[in-house]
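Structural description and commentary
Listed below are the residues making up each chain.
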Amino acid sequence: MATIAFIGLGNMGGPMARNLLKAGHAVQAFDLSEAACAAARDAGATIAAGPGAAAAGAEVVITMLPAGKHVREVYTGEGGVIASAKPGSLFIDSSTVDVDSARAVAAAAEAAGFAMVDAPVSGGVGGAEAGTLTFMVGGTEDAFKRAEPILAAMGKAIVHTGGPGNGQAAKICNNMILGISMIGVSEAFALAEKLGLESQKLFDVASKSSGQCWSLTSYCPVPGPVPTSPANRDYQPGFAAALMLKDLKLAVEAGQSTGSPLPLGGEAAQLYTLFCNAGFGGKDFSGIVNMLRGQK
Ligand code: NAD
C-alpha cells in the first residue's frame, strides 16, 4: 500500500480519494475548499496545508482539478508538486485538460526527474463513487505499469493510449464523437415528430439499422425507448451539458493547434454553447433534443 497525495477533492476527486482509502492506501489530501477537505478528513485522509505539503513524502501524487491552468499551477507553481515531491515519485493527473497543458506539465516533471501520466476518466460521479471509472492513460510504458495498480482502486478499465498527452487526446476525440452523435440522434427524433413518426417506432427501426449508436441505444434523448436514459428523469445528469461543452471546446482548441478541420465538432460546440447559455448547463447533455425541437 502506498502513501498518496490527492489534490482536488471535488465531485470526482472526493469519491476517488475515498476509494483509495478503502483500498488501504494512506491519503494526504489538499483542496482550496475547506468543505471538501473536511469531507476527506472524515473519510480518513490527512489534510495538508498546500499542494507541495501534500506531495512531500508521498510515493504517488494524483490531481483531479478543473482545467489546464490549475494543473500547471499545482505542478509547476511556486511551492507546487514538482518543487516538493520526493525523488522517484509518480504523478498522475486525472483532470480533463487541453493536450498542450498535459504535455507541458509532463515534460516539466520529466525534466525534474519524475515520471508522469495523464489519466483522464469517463464514467462521471457515479463511476467515481462506485470505483468503476475508465482511465485513458498517456505516458511511457514504465509509468503506465506503475500507475495501473493505483488506478485499479478507482476504476475498472485502464487503457494505455500512448505517450504523454494521449490520454487527453483519447478523451476529447471520444467525447467529440459523443457530442456530435447525440445531436444527430436528437435531430432525427425532432424531425420524426414533425413527420408524425412515433419516437418508439423510429427507435425500433434505427436501433436495428445503420443509424444505431450509443447515443440512441444506451442514452436515447427522448423519454420511453430506453428507460434508464436521463430523458426519463427530466434530464438530470448523467453527464452535464456544461461538461460536454468543456470537452468540445478542448477538441476545437486541439483542432486549431494541429490544423485539423473539425466542421461538425465546431458546430456541436456552438450548439452546446447556445444550450448552456439558455440556462441548461446543469442538465444532462441529451436535453439538447428539446432545444432542437424548438422547446427549450
Ligand atoms: P469540481 O469542480 O467538483 O472539483 C474540482 C476541485 O478542485 C474543487 O474542489 C476545487 O476547489 C479544487 N481546486 C481548484 N483549484 C485548486 C488548487 N489550485 N488546489 C487545490 N484544489 C483546487 O470538478 P469535478 O466534477 O470533480 O471535475 C474534476 C475534473 O474531472 C475536471 O477536469 C472535469 O472536467 C473532469 N471530469 C468530470 C466529470 C464529472 O462528471 N464531474 C466526468 C469526467 C471528467
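An unreviewed UniProt entry lists the protein under the name 3-hydroxyisobutyrate dehydrogenase, with Azospirillum rugosum given as the organism. What the UniProt record of the protein gives under Sequence similarities (unreviewed entry) is the line "Belongs to the HIBADH-related family." What the UniProt record of the protein gives under Catalytic activity (unreviewed entry) is the line "3-hydroxy-2-methylpropanoate + NAD(+) = 2-methyl-3-oxopropanoate + NADH + H(+)".

**A few points about helix α9 (residues 166-194)**
For α9, with 29 residues, the first-to-last C-alpha span of 42 Å sits near the 42 Å given by 1.5 Å per residue. Backbone geometry just downstream of α9 places G196 in the positive-phi region, at approximately 80 degrees.

**A look at the packing of α9 against helix α13 (residues 263-280)**
In a packed pair of helices, the relevant descriptors are the angle between the two axes and the axis-to-axis distance. For the pair α9 and α13, the least separation of the axes is 9 Å and the interaxial angle reads 70 degrees. Here α9 lies roughly perpendicular to α13, going by the angle between them. Of the two elements, α9 crosses α13, and the hand of that crossing is left-handed. Where α9 approaches α13, its residues M176, G179, I180 and I183 are matched on the opposing element by L264, G265, A268, L271 and Y272. Class assignment of the residues belonging to the contact of α9 with α13 gives a composition of seven nonpolar, two polar and no charged.

**Concerning the site of the ligand**
Of all residues adjacent to the ligand, which total 26 residues, the nearest are G8, G10, N11, M12 and T96. Those elements giving two or more residues to the shell around the ligand turn out to be α4 (68-76), α7 (124-130) and α12 (241-258). Element by element, the count of residues in the shell around the ligand is highest for α4, at three residues. Its residues assigned to classes, the shell around the ligand shows 14 nonpolar, nine polar and three charged.

**Some points on the environment of R72**
Here R72 is to be found in helix α4. For R72, a count of 18 C-beta atoms within 10 Å gives the class partly exposed. Those residues in contact with R72 that lie beyond four places of it in its chain are S101, A104 and V105.

**What about the pairing of strand β5 (residues 90-93)?**
On any regular strand, side chains alternate: one points to one face of the sheet, the next to the other face. Judged by which residues are buried, β5 turns out to be covered on both faces: L90 and I92 on one side and F91 and D93 on the other are all buried. Bridge count between strand β4 (residues 60-63) and β5: four bridges; the pairing is parallel. Looking at the pairing, I62 lines up with I92 of β5. Pairing between β5 and strand β6 (residues 115-118): four bridges, direction parallel. Across the sheet, F91 pairs through a bridge with M116, a residue of β6. In terms of handedness, the path from β5 via helix α6 (residues 99-111) over to β6 forms a crossover that is right-handed.

**As for the domain arrangement of the protein**
Domain boundaries in the protein define domain 1 (3-163) and domain 2 (169-292). Using C-alpha coordinates to define each centre, domain 1 is positioned 30 Å away from domain 2. The interface of domain 1 with domain 2 comprises nine residues on the first partner and nine residues on the second. A breakdown of the residues in the side of domain 1 that touches domain 2 according to their chemical character gives three nonpolar, four polar and two charged.

About the cut-offs
- Residues numbered from 1 in each chain as written.
- Predicted model: local features only at pLDDT ≥ 70, side-chain atom pairs only at ≥ 80, totals over all residues.
- UniProt positions renumbered as here; feature names shortened; annotations may be inferred.
- Helix = DSSP H or I, 4+ residues; strand = E, 2+ residues; numbered from the N terminus.
- Expected span 1.5 Å × (residues − 1).
- Axes fitted to C-alpha atoms, helices over the stretch in contact; angles between N-to-C directions.
- Parallel < 35°, antiparallel > 145°, perpendicular 65-115°, else oblique.
- Left-handed = near helix turned anticlockwise from the far one by under 90°.
- Contact = placed C-beta atoms within 7 Å.
- Nonpolar A, V, L, I, M, F, W, Y, C, P; charged D, E, K, R; others polar.
- Near = placed C-beta within 6 Å.
- Buried ≥ 20, exposed ≤ 12 C-beta atoms within 10 Å, placed from the backbone.
- Pairing = 2+ DSSP bridges.
- Right-handed = clockwise from strand over helix to strand, strands pointing away.
- Domains from an automatic or database assignment.

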